[in-house]
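# Examining the three-dimensional arrangement
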Amino acid sequence: LSLSLSLSLSLSLSLSLYLRRPPLAAMPRPMSTAESAFILRALGEGLRVDGRRPRESRPLSVACGLREGSVEVRLGETKVMAAVSAELVEPFADRPTEGQLLFFVELSPMASPAYEPGRPSDSAVELVRLLERAFRKAQAVDVEALCIVAGKRVWSIRCDVTLLDDRGNAADAACTAALGALL
């Protein structure tokens, strides 16, 4: 598990550095002069609001869920749950020897006031795409190994990721949770 976590952390770190995106719940708002001065002073002193140093990561904890294939990840104050399920399906016609790896993300209204129930938001769709790209490019799952009978039956792996509390770095927490559930 430690090797997988280090792989996950390096994958997540490289994704964070590559994307340079704000937290999912970030909503633009006007900033007062006092807020701006405080932020600039803190940056100059090498401090963050939560007390961490500039390159210090959030504390990580991974807990196995009650059933196989589920985990809960805490990355700082951010909390994500992921669960994996599988079923046999017919393969896509253009990929008869490859199984399927599907991600679904729910941004719970409990996670942030910015999230609403109902249809997936743009942030949820963006996080699904991020997970799909990350796992595909890292070749984290051998989709050809999911083939049972070419052209007839393959495994379809579904990974459901639920953001329970968004306090920043949700993408890294979601990647770590998805990887932990797939293990």
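Our subject is the structure listed above.
Residues numbered from 1 in each chain as written. Predicted model: local features only at pLDDT ≥ 70, side-chain atom pairs only at ≥ 80, totals over all residues. Heavy atoms only, no water.

## Regarding the packing of aromatic side chains
The final tally for this structure, using the stated rule, is one aromatic pair. Its guanidinium or amino end placed over the ring of Phe104, Arg158 lies 3.9 Å from that ring's centre, counting from NZ or CZ. (Phe/Tyr/Trp six-rings, centres within 6.5 Å; stacked < 30°, edge-to-face > 60°. Lys NZ or Arg CZ within 6 Å of the ring centre and 35° of its normal.)

## Observations regarding the pattern of salt bridges
Under the definition given, this model contains five salt bridges. For Glu77, the salt bridge goes to Arg167, with nearest N and O atoms at 3.6 Å. A residue pair is termed long-range when its members are at least 10 positions apart, and Glu77 in the loop between strand E2 (70-75) and strand E3 (78-89) and Arg167 in the loop between strand E6 (153-165) and helix H4 (170-182) qualify at 90 residues. Accessibility expressed as a relative area gives 49% for Arg167, which makes it partly exposed. Note that Arg158 is salt-bridged to Asp160, the shortest N-O span being 2.9 Å. Given the relative accessible area of 34%, Arg158 is considered partly exposed. Look at Asp160 and you get partly exposed, because its relative accessible area is 26%. (Salt bridge = Lys/Arg side-chain N within 4 Å of Asp/Glu carboxyl O. Helix = DSSP H or I, 4+ residues; strand = E, 2+ residues; numbered from the N terminus. Buried < 20%, exposed > 50% of the residue type's maximum accessible area, 1.4 Å probe, protein only.)

## Side note on helix H3 (residues 122-137)
With 16 residues, H3 should reach 22 Å at 1.5 Å per residue; the first-to-last C-alpha distance of 22 Å fits that figure. Within H3, the full set of buried residues consists of Ser123, Ala124, Leu127, Val128, Leu130, Leu131, Ala134 and Phe135. Buried residues of H3 fall within an arc of 160° about the axis and therefore sit on the same side. The exposed residues of H3 that point more than 90 degrees off its buried face are Asp122, Arg129, Arg136 and Lys137. A positive phi of about 50° marks Gln139, the residue just after H3. (Expected span 1.5 Å × (residues − 1). Arc of directions from axis to C-beta.)

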